[in-house]
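Spelled out, the chains give:
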Amino acid sequence: MKAQALIKYTVRGVPQEVDADLRSKAKKQKKSLNQVIVDELSKANGQRKKADFSDLVGTWEPDPEFAAAIASMRKIDWAKWK
């Protein structure tokens, strides 16, 4: 199987506010401007990449109130299942 050829674009006339938004996204996401533009073009074309939650890994903090609320919702009401 051949490797997919990458296509290069030159884009002119990008409005300043669009440029500022793209550069801001690149900085926040710690990605290159090019990668953010490719991501945005892919989204606009309906070709979404798989979600990347790596920035959330290891950030869970247990919440006893939430755990109690969920535990009460997980109880099965056997009378309703007859």
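Higher on the page you've got the structure.
Residues numbered from 1 in each chain as written. Predicted model: local features only at pLDDT ≥ 70, side-chain atom pairs only at ≥ 80, totals over all residues. Heavy atoms only, no water.

Participant: Which parts of the structure should I look at to understand the overall build of the chain?
Facilitator: Along the chain, the regular secondary structure elements total 3 helices and 0 strands. If you list the helices and strands of the chain from N to C, you get α-α-α. Taking 2.2 N^0.38 as the reference for a compact globule, 82 residues should give roughly 12 Å; the C-alpha atoms of the chain span a radius of gyration of 22 Å, well beyond that estimate. The C-alpha extent of the chain, read off along each of the three principal axes, is 65 × 35 × 25 Å. (Helix = DSSP H or I, 4+ residues; strand = E, 2+ residues; numbered from the N terminus. Rg over C-alpha atoms; globule rule 2.2 N^0.38 Å.)

Participant: Can you walk me through the environment of K30 in this structure?
Facilitator: The residue K30 is located in the loop between helix 1 (16-29) and helix 2 (33-44) in this model. Taking the relative accessible area as the measure of exposure, K30 reaches 77% and is therefore exposed. Put simply, K30 and E61 are 31 residues apart on the chain and 25 Å apart in space, counted from C-alpha to C-alpha. (Buried < 20%, exposed > 50% of the residue type's maximum accessible area, 1.4 Å probe, protein only.)

Participant: Would you explain the environment of S24 in this entry?
Facilitator: Following the sequence through the fold, S24 ends up in helix 1. For the pair S24 and V57, spaced 33 residues apart in sequence, the C-alpha separation works out to 23 Å.

Participant: Would you mind showing me how to read helix 1 here?
Facilitator: Two residues of an α-helix separated by three or four positions point the same way, owing to the 3.6 residues in each turn. Given a rise of 1.5 Å per residue, 14 residues ought to cover 20 Å, and the 20 Å separating the end C-alpha atoms of helix 1 matches this to within 8%. Downstream of helix 1 by one or two residues, K30 has phi in the positive range, about 55 degrees. (Expected span 1.5 Å × (residues − 1).)

Participant: Before we go on, may I ask you to explain the packing of aromatic side chains in this structure?
Facilitator: The way to describe two aromatic rings as a pair is by their centre distance and the angle between their planes. This model, assessed by the stated rule, comprises 1 aromatic pair. Ring geometry for W60 and F66: centres 6.5 Å apart, planes at 65 degrees, overall edge-to-face. Its relative accessible area of 45% is what places F66 among the partly exposed residues. (Phe/Tyr/Trp six-rings, centres within 6.5 Å; stacked < 30°, edge-to-face > 60°.)

Participant: Can you walk me through the pattern of salt bridges in this structure?
Facilitator: Where side chains of opposite charge bring their charged atoms close, a pairing between them can arise. Under the counting rule described, the total for this entry stands at 5 salt bridges. A salt bridge links E40 to K25, with the nearest nitrogen and oxygen atoms 3.2 Å apart. Here E40, found in helix 2, pairs with K25, found in helix 1; they are 15 residues apart in sequence, far enough to count as distant. Of the charged contacts, one joins K31 and D39 as a salt bridge, the two residues approaching to 2.9 Å between their closest N and O atoms. By relative accessible area, which is 36% here, K31 ends up partly exposed. Owing to a relative accessible area of 9%, D39 belongs among the buried residues under this scheme. Each of the salt bridges in this network shares a partner with another, and the network as a whole consists of D21, K25, E40 and K43. (Salt bridge = Lys/Arg side-chain N within 4 Å of Asp/Glu carboxyl O.)

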